[in-house]
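# Architecture at a glance
Chain residues, written in single-letter form:
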Amino acid sequence: MSSAISLNVGIARSAGSSGAADAKRVLLAEPRGYCAGVDRAVETVEKALEKHGAPLYVRKEIVHNRHVVETLRERGVIFVDETDEVPEGALLVFSAHGVSPAVHASAAERSLRTIDATCPLVTKVHQEAKRFARDDFDILLIGHEGHEEVEGTAGEAPDHVQLVDGPGGVDGVTVRDENKVIWLSQTTLSVDETMETVRLLRAKFPLLQDPPSDDICYATSNRQTAVKAMAPECDLVIVVGSRNSSNSVRLVEVALNAGARAAYLVDYAREVDTAWLDGVRTVGITSGASVPEILVDGVIQLLAEHGFADVQPVTTANETLVFALPRELRPARR
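These notes cover the structure that comes with them.

Definitions and limits used
- Residues numbered from 1 in each chain as written.
- Predicted model: local features only at pLDDT ≥ 70, side-chain atom pairs only at ≥ 80, totals over all residues.
- Heavy atoms only, no water.
- Salt bridge = Lys/Arg side-chain N within 4 Å of Asp/Glu carboxyl O.
- Helix = DSSP H or I, 4+ residues; strand = E, 2+ residues; numbered from the N terminus.
- Buried < 20%, exposed > 50% of the residue type's maximum accessible area, 1.4 Å probe, protein only.
- Pairing = 2+ DSSP bridges.
- Axes fitted to C-alpha atoms, helices over the stretch in contact; angles between N-to-C directions.
- Polar contact = N/O pair within 3.5 Å; in protein donor to acceptor, adjacent residues only side chain to side chain.
- Contact = heavy atoms within 4.5 Å.

## Digging into the pattern of salt bridges
- Under the defined criterion, the tally for this structure stands at 18 salt bridges.
- Between Asp-136 and Arg-176 there is a salt bridge, and its shortest N-O distance comes to 3.2 Å. With a gap of 40 residues between them, Asp-136 in the loop between α4 (120-134) and β6 (138-142) and Arg-176 in the loop between β7 (161-164) and β8 (181-185) connect regions that are remote in the sequence.
- One salt bridge connects Arg-202 with Asp-210, and the closest N-O pair in it is separated by 2.8 Å.
- You can call Asp-210 partly exposed: its relative accessible area is 44%.
- Several salt bridges share partner residues, and in doing so they unite Arg-66, Glu-70, Asp-267 and Glu-271 into one network.

Spelled out as structure tokens, the structure:
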């Protein structure tokens, strides 16, 4: 859980530079990297490997990070797209993004043993979808078409859910009863873009209801807030994350919209083009919610080798939330 109080958003000039115009520095966003849901999902796979051994099957990528997926694959994890790729009776882990009831049913038909690593905050949105479908609402799900999380949530109530893929998707929305309309959202969206989509939806449907609580997860929101705090000071922002990671891609957009002169997404330090550093004095660094800190360390080291040795944290929240592992992997009570 995050602190509601900004802790250290003052951005000082480089220590020892006396404000020299040519001083090079790094602004390091905090919080960044692993959120509670990702930490739980990755640990779920690691504990399942320890308990059951390889091969271990995971539906889709456990989290959207290339390094994490490749590391787990080397340890004997087999990533599949659908349950029919898993041998009958084998052990299958569902990813942090969640799955639809149809996927659960398909796994049961194949007698698969399953462990559900769905982020509890995604599960919350699933429960909201089921609840409002029972009450016969039209549910406008704001999210990106084809994203696993959206597919899982929509699958809870396919006859009631209509996908709205950003502000551009609002014009095509129709509902049965304007008195019974609610919006929900994918948890990893841009906060600002989502609120713009909601504004347009409400202009079209004035009685549109809000979800009982925020659907965009605390970690997504916190990482965007930290980037907004440092971006106006940055000639360049480097976001560490994979291209299929929605929240990582959003951080690049947020950085540019908040005033960074340039922003790029990289999986590894080796993908940083040193030409980006020409004429740059301040580099901001952050990472998506599925990125291990070792990848951020690699970028910091590379920048230090190019004269950016002064690293200043930009802290906007403290995160202390921890999710328990799935019950199948919790230590036995004594």
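More follows now that the structure is in view.
## Focus: the sheet that holds strand β12 (residues 310-315)
- With respect to topology, five strands assemble into an open sheet ordered β10-β9-β11-β1-β12, the strand pairing being parallel. In this open sheet, the two edge strands, each paired with only one partner strand, are β10 (263-266) and β12. Neighbour-to-neighbour, the strand axes of this sheet turn through a mean angle of 25 degrees, independent of strand direction.
- Here five bridges tie strand β9 (residues 236-240) to strand β11 (residues 282-287), and the two strands are oriented parallel to one another.

## Remarks on the sheet that holds strand β2 (residues 56-59)
- If you walk across this open sheet you meet the four strands as β3-β2-β4-β5, and the pairing is parallel. Each edge of the open sheet carries a strand with a single partner, namely β3 (77-80) and β5 (113-116). Within this sheet the neighbouring strands show an average axis-to-axis angle of 30 degrees, counted without direction.
- Bridge analysis of β2 against strand β4 (residues 91-94) gives three bridges, and the strand direction is parallel. Looking at β4, one finds that Arg-59 is bridged to Phe-94.

## Overview of the side chain of Asp-235
- Mapped onto the elements of the fold, Asp-235 is located in the loop between α7 (218-230) and β9.
- For Asp-235, a relative accessible area of 19% corresponds to the buried category.
- A polar atom in the side chain of Asp-235 sits 2.9 Å from the backbone nitrogen of Arg-281.
- What Asp-235 contacts, discounting residues up to four positions off in sequence, is Arg-261, Ala-262, Val-280, Arg-281 and Thr-282.

## Some details on unusual backbone geometry
- The linkage connecting Glu-30 with the following residue, Pro-31, adopts the cis geometry, with an omega of 5 degrees.
- The omega torsion of the bond from Ala-54 to Pro-55 falls at 0 degrees, within 30 degrees of zero and hence cis.
- Relative to the elements of secondary structure, Pro-55 occurs in the loop between α1 (36-52) and β2.
- In the Ramachandran plot, Lys-60 falls in the positive-phi region, its phi being about 65 degrees despite a non-glycine side chain.
- For Lys-60, the location among the structural elements is in the loop between β2 and α2 (66-74).
- Taking the relative accessible area as the measure of exposure, Lys-60 reaches 18% and is therefore buried.
- In the Ramachandran plot, Ser-111 falls in the positive-phi region, its phi being about 55 degrees despite a non-glycine side chain.

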